[in-house]
Amino acid sequence: NAGVTQTPKFQVLKTGQSMTLQCAQDMNHEYMSWYRQDPGMGLRLIHYSVGAGITDQGEVPNGYNVSRSTTEDFPLRLLSAAPSQTSVYFCASSPQGGNTEAFFGQGTRLTVV
Amino acid sequence: DAKTTQPTSMDCAEGRAANLPCNHSTISGNEYVYWYRQIHSQGPQYIIHGLKNNETNEMASLIITEDRKSSTLILPHATLRDTAVYYCIVRVPSGTYKYIFGTGTRLKVLA
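Computed from a predicted model, the values in this text were never measured in an experiment.

## Observations concerning the sheet that holds strand β6 (residues 61-64) of chain B
Residues and elements named next belong to chain B.
Thinking step 1. Strand order across the open sheet formed by 4 strands is β2-β7-β6-β5, with antiparallel pairing between neighbours. Edge positions in the open sheet fall to β2 (18-23) and β5 (55-56), since each of these has one partner strand only.
Thinking step 2. In the sheet, β6 pairs with strand β7 (residues 70-75) via 4 bridges, with the strands oriented antiparallel. Within the sheet, the bridge partner assigned to S61 lies in β7 and is I74.

What follows is the structure, given as structure tokens:
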């Protein structure tokens, strides 16, 4: 199994540009989420989904949109990139039930200039 | 979700046991203790979790005090590849399935 796959691994954007970070999992997990990690800090939850068609906001949702049209995919859209969104983004998935581990992707390093 | 307190950094000699402490004095009865680690800037990797009993798997052991206000992650024979940031997280395993990450403990295993 590939697990959780994030693309791209690196991206440079200009201020005001939009883009979509891709996240796909092949484990048929119900729960998926997006985190960002700024230098020297822990991960902060941006958005999450408990199943296809269901999404909700996390701690730091402003400037980001998500949708969940399939179980496998959970893309994160930056509407108008800002330098404050320079960060490493991680996608995670976990099976329904809750008392299980989460599987994280390898991250997307985004720089907004 | 309860907050956790961990030391900022620790060193451990290669081959020795690494004992990483975590305080979670406000933990509630239905919250579990989870441990993850992050090597370099890779995605966090699950290590172990438990409710109140001590747990062991192929990676580590988790010792939770009887009052559940603190816990210790034990890597029995640390190797250089165990150098990482270790996160202790307490959470209720339901609902949003949210993890609240602190800044963790930076463990350096020394040759």
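## A closer look at the pairing of strand β1 (residues 4-7) of chain A
Residue and element names in this part refer to chain A.
Thinking step 1. Of the two faces of β1, only the one carrying V4 and Q6 is buried; T5 and T7 on the other face are not.
Thinking step 2. Pairing of β1 with strand β3 (residues 19-25), which is carried by 4 bridges, proceeds in the antiparallel orientation. Residue pairing in the sheet places V4 in a bridge with Q25 of β3.

## What to know about the state of the cysteines
Thinking step 1. Inspection of the entire model under this criterion finds 2 disulfides over all chains.
Thinking step 2. Between the sulfur atoms of C23(A) and its disulfide mate C91(A) the distance is 1.8 Å. Taking the sign of the S-S torsion, about -70 degrees here, the bridge from C23(A) to C91(A) comes out left-handed. With a gap of 68 residues between them, C23(A) in strand β3 and C91(A) in strand β9 (residues 87-94) connect regions that are remote in the sequence.
Thinking step 3. According to the relative accessible area criterion, C91(A) is buried, its value standing at 0%.
Thinking step 4. Between the sulfur of C22(B) and that of C88(B) lies a disulfide, 2.1 Å long from S to S. Here C22(B) and C88(B) share a disulfide; its torsion about the S-S bond, -80 degrees, makes the bridge left-handed. On the criterion of sequence distance, the pair formed by C22(B) in strand β2 and C88(B) in strand β8 (residues 84-91) is long-range, its members being 66 residues apart.
Thinking step 5. Judged by relative accessible area, C88(B) falls into the buried class, the value being 1%.
Thinking step 6. The thiol sulfur of C12(B) is not disulfide-bonded, and the nearest other cysteine sulfur, from C22(B), lies at 18 Å.

## Let's talk about the sheet that holds strand β9 (residues 105-110) of chain B
Residue and element names in this part refer to chain B.
Thinking step 1. The mixed open sheet is built from 5 strands, whose spatial order is β1-β9-β8-β3-β4. At either end of the open sheet lies a strand with only one pairing partner, and these are β1 (9-13) and β4 (45-50). Between one strand and the next, the sheet's axes are offset by a mean angle of 25 degrees, whatever the strand orientation.

## Let's talk about the side chain of R68(B)
Residues and elements named next belong to chain B.
Thinking step 1. Assignment of secondary structure puts R68 in the loop between β6 and β7.
Thinking step 2. Buried R68, no salt bridge; nearest opposite-charge side chain is E31, N-O distance 6.1 Å.
Thinking step 3. At a separation of 2.5 Å, a polar atom in the side chain of R68 contacts the main-chain carbonyl oxygen of S28.
Thinking step 4. Excluding residues within four positions of it along the chain, R68 makes contact with H24, I27, S28, G29, N30, E31, L51 and K52.

What counts and what doesn't
- Residues numbered from 1 in each chain as written.
- Chains lettered and ligands numbered in written order.
- Predicted model: local features only at pLDDT ≥ 70, side-chain atom pairs only at ≥ 80, totals over all residues.
- Heavy atoms only, no water.
- Pairing = 2+ DSSP bridges.
- Helix = DSSP H or I, 4+ residues; strand = E, 2+ residues; numbered from the N terminus.
- Buried < 20%, exposed > 50% of the residue type's maximum accessible area, 1.4 Å probe, protein only.
- Disulfide = S-S within 2.5 Å.
- Axes fitted to C-alpha atoms, helices over the stretch in contact; angles between N-to-C directions.
- Lys, Arg positive; Asp, Glu negative; His and termini not counted.
- Salt bridge = Lys/Arg side-chain N within 4 Å of Asp/Glu carboxyl O.
- Polar contact = N/O pair within 3.5 Å; in protein donor to acceptor, adjacent residues only side chain to side chain.
- Contact = heavy atoms within 4.5 Å.

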